[in-house]
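Structure at a glance
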Amino acid sequence: MKVHLLIFWAFCGCQASSISDNDRIYYKWDDQRVICGVSIDAQTSIPTSQYLQAISNAAQQQEVLILYGHKPQRDFSLSLLRTLIDEIHEQEIPFLTASDLLDGAPRAGVFLSFDDAHIQEWYDMTQSWPNETLATFFVTRPHSLKANEVSLLQEMESAGHRVEAHGLNHLDATAFVEEHGLQQWVDEELVPGKTELEALGFNPIAHAYPFGARSTEIDRATLEHFEMVRSLIFYFGRLKGPCG
Ligand SMILES: [Zn+2]
């Protein structure tokens, strides 16, 4: 992901418009099963004002803003996140999860998500959040989780957060499929990433693509095993990212 973004940064050289103007970062209650997040990680260099505008847009348009990040402090600023959380509460819009997006009535909201396996750091971060701040944690390499990490995730789910899937070994789906074919990716990466979480007592219904890597055929195969999938948009102007 970092390499991709650096390449985009190097070759784009363009003045990107505000991220809040990008339609793909909002879920519009249109039964779209592939949602696209915008990163809160510092490497995107998105001004705070643009996130705040996006929250405001979600509130006004009765849509759901999709956000994602990785490791607290290493990848994103906890003070930025707190600013956004406070604004979401200020606007009185709820934090929604995949099941809300699938089953709920159309309404404004924010889908706040975090990727990979920074369990302790995620847990610590959630401890200082205001009430009713709920997030989705897309966990990769579930077979490598330590017992205490599984306990922390279970505690987080009990508090209302969601644990979802992020692949067995965090593979780039498009690269793997190109080399080994779609079925092998489904059998060796996608499905075990779900069943290993299920074996730990979780019930994933959504998958986030590592690196956002996707295609129409990968989406179709993924949605045979999950009800929803999250990819991502690139911030930098004209070049296409995984969400087009
Ligand atoms: Zn990841």
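The present account deals with the structure reproduced in this document. Everything numeric in this text was worked out from a predicted model, so none of it was measured. (Residues numbered from 1 in each chain as written. Predicted model: local features only at pLDDT ≥ 70, side-chain atom pairs only at ≥ 80, totals over all residues.)

Here we look at the overall build of the protein
Each helix and strand in the protein was counted, giving nine helices and eight strands. For 244 residues, the compact-globule estimate of 2.2 N^0.38 gives 18 Å, and the protein sits close to it at 17 Å. Here the protein holds 244 residues, and 41% of them are scored as buried. (Helix = DSSP H or I, 4+ residues; strand = E, 2+ residues; numbered from the N terminus. Rg over C-alpha atoms; globule rule 2.2 N^0.38 Å. Buried ≥ 20, exposed ≤ 12 C-beta atoms within 10 Å, placed from the backbone.)

A short note on the nonpolar core
Ranked by internal contacts, the top residues of the largest apolar core, which has 64 residues, are Ala58, Val64, Leu65, Ile66 and Val110. Aside from chain neighbours lying at most four places away, what touches valine 110 is Ile55, Ala58, Val64, Leu65, Leu67, Ile88, Ile93, Phe95 and Leu96. (Core = buried A, V, L, I, M, F, W, Y, C linked by C-beta atoms within 7 Å. Contact = placed C-beta atoms within 7 Å.)

Points about the environment of aspartate 219
Residue placement: aspartate 219 occurs in helix α9 (residues 216-222). In sequence terms aspartate 219 and proline 72 are 147 residues apart; their C-alpha atoms lie 29 Å from each other. Ignoring sequence-local partners within four residues, the contact set of aspartate 219 consists of Val34, Arg214 and Val229.

Notes on unusual backbone geometry
In this structure, aspartate 31 takes a positive phi of about 65° despite not being glycine. Residue placement: aspartate 31 occurs in the loop between β1 (26-27) and β2 (34-39).

Re helix α7 (residues 173-180)
Burial in α7 covers these residues: Ala173, Phe176 and Val177. The arc enclosing the buried residues of α7, seen along the axis, measures out at 95°, which places them on a common side. The outward face of α7, more than 90 degrees from its buried face, is lined by the exposed residues Ala175, Glu178 and Glu179. Buried positions along α7 lie against α8 (182-199) and α9. Positive backbone phi, approximately 95°, marks glycine 181, located one or two places after α7. (Arc of directions from axis to C-beta.)

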